[in-house]
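Secondary and tertiary structure notes
As a plain string of letters, each chain reads:
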Amino acid sequence: MIVDCAHYLDGVRQGEAAMPIDDAARRCREGGFVWLGMFEPTPDEMARVRVAFDLHELAVEDAGTFHLRPKIEHFEPDVQLVILRTARYDDDREEVDFGEISIFVGPNFVITVRQGVASELHAARARLQEHPELLKVGTASVLWAVLDQVVRAYGPVVAGLEHDIEEVEGTVFSGAVAPTERIYLLRREVSNFYRAVHPLLSVLTAAERDATDTPVAHYLRDVHDSLQLINEEVSAQRDLLATILQANIAVVAVEQTRVSVQQSSTMERLTVLATIFLPLTFVTGFFGQNFDWLVSNIQGPTRFLIMGIGGLVIPLVALWAWLRAIRKRGSQKEAKGSD
C-alpha cells in the first residue's frame, strides 16, 4: 500500500496530494527528489516500483524479506539499500513488538518500505519538512529523518524493559522465587532488541561517512550518540538479566533445600514414633494372645505388673538408651570435626 509519495524541490514539497508512481519517477528526473512511502506492499506494487525507478531485482527481493539484523548494502553505484529494525513497547502485554523498514536511497529518490508494526514514519516526514535547509541537501536528509525516528522510538522500549527488569529483580532479591519463564522471556526480548540496536551502529557510521561535509552529518552524529547510549543500556540490561537468572536459580535451590530439610525432619519424627511403637506393639500383641500358658500363669496384679507393664517399660528404656548413645557418638564426631 502506498502511504505517501511527494516530490521535493529546493527544500519544499511540491503539492500536498500523493503522486502516482509513474509521475513520481518522472518528476525525480526533472530535479529535486521523490520520497515514496509504502506499507507492506503487494508483489505487484513492488514490481511497479522496481520498473519505474530501475531498482535491482535482488534489492527488491531483499526488501521483501524479514531480517533479524540491520544492514546497509550497495546494489548499484548510486543506490544503496538500508534495512532497519523498528521496536515498540506494548504496555498492556508488557512485550516488545518488532518491525522493519527497508530504505532505497538513490541520488534523486528515496523509497521506504515498512513491514510490521512500530514502523510509522509520518512524524519523520513532518519533522523533515520543517527543516527546508536539510531538504535542500537531498536524499541524505530523508535517511537522517528515518534513522532519527527509529532511534527515538527505542527510548520508550528501553524504559519499558527497564521497568520489567526492576520488577523481576525486586522479586528475586527479596528472597521470593520469581517465575523462571518470565525471566527467560524477558531475556529473549532484550536479546532481540540488542540485535536491532547494536548492528545499527555500523549503519550509522556508514551513513555519516557518506554525508561528510554536508549539514546532515551533524544531525547523523547526534543520532549516533543517542544510539550509542541506548546500546550501552541494552548491554547492561542483558548482563543484569543474566545475574538475575543466576540469583533466581540460587533462590530456587535454597527453597528446595529448605523443603528437603523439612521433609527429612518430618521423616525422622515419624521414624522415631514407629521405632517406639514397634516393641510396644509386639509386647501387647504377644500378651494379648489367649492360650493356656498365659491364662494359667498370669494371675494376680503382681505378675501382671511384672510381665505386662514390665514388658512394655523394658523395651522403651532399652530403646531410649540406644538412641541416646547414637546421639552422643554423633556429637563427639561433630566436635572432633570442628577442632
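Per an unreviewed UniProt entry, the protein goes by the name Magnesium transporter CorA and belongs to Mycolicibacterium llatzerense. Entered under Subcellular location (unreviewed entry) in the UniProt record, the comment concerning the protein runs "Cell membrane".

Right, let's get into the overall build of the protein. When helices and strands are counted, the protein shows eleven helices and seven strands. Going through the 339 residues of the protein one by one, you find that 39% of them count as buried. For the protein, contacts bridging at least 24 residues in sequence account for 64% of all contacts bridging at least 6.

The next thing to look at is a negative patch on the surface. A cluster of acidic residues, Glu-162, Glu-166, Glu-167, Glu-232 and Glu-233, forms a negative patch at the surface. Residue assignment for the negative patch shows that the elements contributing at least two residues are helix 6 (139-173) and helix 9 (216-287). Top contributing element to the negative patch by residue count: helix 6, with three residues. Within the secondary structure, Glu-162 sits in helix 6.

Now for the packing of aromatic side chains. The description of an aromatic ring pair rests on the distance of the ring centres and on the angle between the ring planes. Applying the stated criterion across every chain, the model contains four aromatic pairs. On the basis of an interplanar angle of 25 degrees and a centroid distance of 5.4 Å, the ring pair of Tyr-8 and Phe-33 is categorised as stacked. Taken as a pair, Tyr-8 in strand 1 (residues 2-9) and Phe-33 in strand 3 (residues 33-39) lie far apart in primary sequence, 25 residues in all. Pair check on accessibility: Tyr-8 and Phe-33 agree, each one buried. Consider the rings of Phe-53 and Phe-109, whose centres lie 5.2 Å apart with planes at 50 degrees: the pair is tilted. Here Phe-109 lies in strand 7 (residues 109-115) and Phe-53 lies in helix 2 (residues 43-53), a separation of 56 residues in the sequence.

Strand order in the open sheet formed by seven strands is 2-1-3-7-6-5-4, with mixed pairing between adjacent strands. Bordering the open sheet on either side are strand 2 (12-14) and strand 4 (71-76), each of which pairs with just one other strand. In this sheet, adjacent strand axes meet at a mean angle of 25 degrees when their direction is disregarded. Looking at chain direction, strand 4 and strand 5 (residues 79-90) are connected through five bridges and run antiparallel. Note on strand 5: the bridge partner recorded for Lys-71 is Ile-83. Helix 6 rests against strand 3, strand 5, strand 6 (95-105) and strand 7 of the sheet, and its axis sits at about 25 degrees to strand 5. In this fold helix 7 (residues 180-197) packs onto strand 5 and strand 6, with an angle of close to 15 degrees to the strand it touches most, strand 6.

As judged from the six bridges shared by strand 1 and strand 3, these two strands associate in the antiparallel manner. When the bridges of strand 3 are listed, Ala-6 appears paired with Trp-35. Bridging between strand 1 and strand 2 involves three bridges; their strand directions are antiparallel. Each bridged residue has a counterpart across the sheet, and for Tyr-8 the counterpart in strand 2 is Arg-13.

On to the side chain of Glu-45. Mapped onto the elements, Glu-45 comes out in helix 2. Here Glu-45 sits buried without a salt bridge, and the closest side chain of opposite charge, Arg-48, lies 6.0 Å off (N-O distance). Residues in contact with Glu-45, not counting those within four places in the same chain, are Met-1, Ile-2 and Met-38.

Here helix 1 (residues 21-28) crosses helix 2 at 25 degrees, and the two axes come no closer than 9 Å. The angle between helix 1 and helix 2 places the two elements in the roughly parallel class. The crossing of helix 1 and helix 2 is right-handed. Note on element contacts: helix 2 touches helix 1 through Arg-48, Val-49, Ala-52 and Phe-53, opposite Ile-21, Asp-22, Ala-24, Ala-25 and Cys-28. Tallied by class, residues from the contact of helix 1 with helix 2 come to seven nonpolar, no polar and two charged.

Take a positive patch on the surface next. A cluster of basic residues, Arg-69, Arg-187, Arg-195 and Arg-238, forms a positive patch at the surface. The residue Arg-238 is located in helix 9 in this model.

Rules of the game
Each chain has its residues counted from 1, running along the sequence as written. Given that this is a predicted model, residues contribute local features only at a pLDDT of at least 70 and side-chain atom pairs are listed and counted only at 80 or more, while totals for whole chains, interfaces and linings are drawn from all residues. Remark: hydrogens and water are excluded; side-chain values derive from all non-hydrogen atoms of the structure. UniProt positions are given in the numbering used here, feature names are shortened, and annotations may be inferred rather than shown by experiment. To qualify as a helix, a DSSP run of H or I must reach at least 4 residues; to qualify as a strand, a run of E must reach at least 2; elements of each kind are numbered from the N terminus. Only protein chains enter the area calculation, which uses a 1.4 Å probe; residues under 20% of their type maximum are buried, those over 50% are exposed, and those in between are partly exposed. Two residues qualify as a contact provided that any one of their heavy atoms is within 4.5 Å of a heavy atom in the partner residue. Patch membership is restricted to residues that have no salt bridge and whose relative accessible area is over 30%. Joining uses 9 Å for like charges and 5 Å for the nonpolar side chains Val, Leu, Ile, Met, Phe, Trp and Tyr. Areas reported as accessible are Shrake-Rupley estimates using a 1.4 Å probe. Residue values count occlusion only from the protein chains shown. The term salt bridge refers to a pairing of a side-chain nitrogen on Lys or Arg with a carboxyl oxygen on Asp or Glu at a separation within 4 Å. Working convention for charge: Lys and Arg count positive, Asp and Glu count negative, and His plus the chain ends are omitted. In plain terms, the charge of a residue is placed at NZ if it is Lys, CZ if Arg, CG if Asp and CD if Glu. Note on aromatic pairs: the rings of Phe, Tyr and Trp (six-membered ring only in Trp) are paired at centre separations within 6.5 Å, and the planes decide the class, stacked below 30 degrees, edge-to-face beyond 60, tilted for the rest. Here, any two strands with at least 2 DSSP bridges between them count as paired. In this analysis, axes come from line fits to C-alpha atoms, helices being fitted only over the stretch in contact, and the angle between any two N-to-C directions falls in the range 0 to 180 degrees. Each angle receives one of four descriptions, namely roughly parallel if under 35 degrees, roughly antiparallel if over 145, roughly perpendicular if within 65 to 115, and oblique otherwise. Should the near helix be turned anticlockwise from the far one by less than a right angle, the crossing is termed left-handed; should it be turned clockwise, right-handed. Gly is put with the polar residues, along with every residue not named as nonpolar or charged; the nonpolar set is Ala, Val, Leu, Ile, Met, Phe, Trp, Tyr, Cys and Pro, and the charged set is Asp, Glu, Lys and Arg.

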